[in-house]
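Topology and contacts: notes
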Amino acid sequence: MAQTNSVARPMYKTNFTFAMMLVVMVSYFIYWGIGYTNHNHTVLFLLATFFGVFMAFNIGGNDVANSFGTSVGAKTLTIPQALIVAAIFEVSGAVIAGGAVTETIRSGIVRMEMLPMEPLQFVYVMMSALLAAALWLLFATKKGLPVSTTHAIIGGIVGSSMVLGYLLTEDASGSLALVKWDKMGSIAISWVLSPALGGLVSYVMFYFVKKQVLDYNDSVEKELKKIKAEKRAFKEKYRADFAKQSEQEQAQIAGAMARDAEIYNEPDCDPNELESDYYKELYRINNQKDAIDTYKALQSWVPLISAVGGMVISSMLIFKGLKNLDLGMSDLASYLTIMMIGAGIWLATFIYAKTLRRKDLAKSTFLMFSWMQVFSACGFAFSHGANDIANAIGPFVAIMDVLRTGEIGSSAAIPPIVLLTFGIALIVGLWFIGKEVIATVGTNLAEMHPSSGFTAELSAASVVMMASLLGLPVSSTHILVGAVLGIGLVNRNANWKTMKPIAMAWVITLPAAAFLSIICFFILRAIFG
């Protein structure tokens, strides 16, 4: 009992620290926000803040937990380490590279301009969408189901917009006309392509990694064990044969072995100079061991794989994130920068691999892929932040803009304090409710190791970032789950039984969020008129 209390006490302190951090940040944000919105509709602002922070909290518990499930499941990162990475790279991705996705969600799905609505009615639409998406995410998270926050927020916006359209026009066909079905169609196609592309890219990449690195290392280790067993058996047999010899023969053999010992330890030992059968056979066995290129895969393929991974991550930063900073880099300069980064990573990894001689091969492989997975986790966190934290920030910034100006604007600046507040809510959500989803993605769908986790994250980051460049709100959840299943297909341990409820949750996420949003809209309308 005393031991249980001692374990619970530090956990209680940590939980209290995270809770207080969120409370203090939200309190300060409310103080700032009331002045920012010119004290307009304070009650609505308070509710919208709660809904937005609640949405960010649940994004952390579901989507961010899903993103770091492979890293934690492979034991490359602990949950506290995942928190640190998420805190830095998720928020950075939203700040630097999230603009296009936010705009698509705000104005690219529903034709708001067709409605003769008042600004506050627009606020009710966005508030309903935030609360509905957050409630659905909380339900899915507690069930350990990784679902799409993008699908949830789109469903919420579509549901409340359609019901508002019907109330204003009293025309069901007009309400349906609000939705840009061509956009919905392209998004629906991307929903199918997301897991398929994630699985395909991951399958191809990990099949290559497994064949060229893991299988090669396994065959080398088997051969080394075989040689070690042969050497041990020879020594035992020779010791037994030596004991059977007469004292005179033992003396002759011992003298020859003593002379051979001096020759054998020389770097330029010539086997023709050896006298004893013992050292002749020992030389033959050790020569077999030396003939095996033990670290071939770690020194040839792993540096190349890590260089490719570095180039993918750096291209994501340059062509999406840093391009928004208007650095004035030409495409040629960008490509050359990416190549230099790849060359630098290749060289550093190669030099590091050279230092691993005479070390355990399995541990060396684990260590190198662990470092690579940390790098890919950072990249995936950035690309994930570019897509999915905007699901909470986008609608909330639209609400704040209306409350501040009294008008529905086509765009609005995102105050840095919004990003900070929502980023903290996201991290706190990961800490409090993210463990179930981490377990699902990291261990239940397929067994993860640093090599497979690295491949899954790199594959998913590539697909997510391509979608972000196109401005499509695709689901990083579907992509990463598909990537994990691609790993499972290669290793033949994919857990399709676990996948069934996840797939069901994917299908009903959008309509469930839309239905909840309609209910939330009617409640808000009844309260505020």
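Residues numbered from 1 in each chain as written. Predicted model: local features only at pLDDT ≥ 70, side-chain atom pairs only at ≥ 80, totals over all residues. Heavy atoms only, no water.

**Quick look at the pattern of salt bridges**
Oppositely charged side chains are able to pair whenever their charged atoms sit close together. A complete count under the given rule lists 6 salt bridges for this structure. Residues Glu230 and Arg284 are paired through a salt bridge, measuring 2.8 Å at the closest nitrogen-oxygen approach. With Glu230 in helix H8 (residues 181-244) and Arg284 in helix H10 (residues 277-291), this pair connects stretches of sequence that are 54 residues apart. In this structure, Arg284 engages Glu281 in a salt bridge whose closest nitrogen and oxygen atoms are separated by 2.5 Å. (Salt bridge = Lys/Arg side-chain N within 4 Å of Asp/Glu carboxyl O. Helix = DSSP H or I, 4+ residues; strand = E, 2+ residues; numbered from the N terminus.)

**Topic: helix H5 (residues 119-142)**
Taking 1.5 Å per residue as the helical rise, H5 with its 24 residues ought to reach 34 Å, and the 35 Å between its terminal C-alpha atoms agrees with that figure. Among the 24 residues of H5, 18 are classified as buried, and the element is accordingly described as predominantly covered. (Expected span 1.5 Å × (residues − 1). Buried < 20%, exposed > 50% of the residue type's maximum accessible area, 1.4 Å probe, protein only.)

**Re the confidence of the model for the protein**
In this model, the protein carries a mean pLDDT of 84, and residues with pLDDT of at least 70 account for 90%. The secondary-structure element of the protein with the lowest mean pLDDT is helix H4 (residues 99-107), recorded at 51, while H5 shows the highest, at 94. In this model residues 1-8 is a low-confidence stretch, pLDDT under 50, and it forms 0 contacts with partners more than four residues away in sequence or in other chains. (pLDDT = per-residue confidence, 0-100. Contact = heavy atoms within 4.5 Å.)

**Some words on the side chain of Gln299**
Examined against the element boundaries, Gln299 turns out to sit in helix H11 (residues 296-321). Using a relative accessible area of 10% as the deciding quantity, one classes Gln299 as buried. Other than its neighbours up to four places away in sequence, Gln299 contacts Phe350, Ala353, Lys354 and Arg357.

**As for the layout of surface pockets**
Regions of empty space are outlined by a rolling probe, equal in size to a water molecule, passed over the atoms. Looking at the second largest pocket, its volume works out to about 310 Å³. As for the second largest pocket, its lining consists of 15 residues, of which Leu214, Asp218, Thr365, His449 and Ser451 are closest to the centre. For the lining of the second largest pocket, the secondary structure elements donating two or more residues are H8, helix H13 (361-388) and helix H17 (450-470). When the residues that make up the lining of the second largest pocket are grouped by side-chain class, the tally is 7 nonpolar, 6 polar and 2 charged. (1 Å grid on protein atoms, 1.4 Å probe; cavity = no way out; pocket = protein on both sides within 12 Å on 5 of 7 lines; lining within 4 Å. Points joined across faces, edges and corners; volume = space filled by probe spheres on them. Nonpolar A, V, L, I, M, F, W, Y, C, P; charged D, E, K, R; others polar.)

**Some words on the packing of helix H14 (residues 390-405) against helix H15 (residues 416-433)**
At a minimum axis separation of 11 Å, H14 and H15 run at an interaxial angle of 135 degrees. Put simply, H14 runs oblique to H15. Our pair here, H14 against H15, has a crossing hand that is right-handed. Residues Ala392, Ile393, Phe396, Val397 and Met400 of H14 lie in contact with H15, whose contacting residues are Val418, Leu419 and Phe422. Residue composition of the contact of H14 with H15, by class: 8 nonpolar, no polar and no charged. (Axes fitted to C-alpha atoms, helices over the stretch in contact; angles between N-to-C directions. Parallel < 35°, antiparallel > 145°, perpendicular 65-115°, else oblique. Left-handed = near helix turned anticlockwise from the far one by under 90°.)

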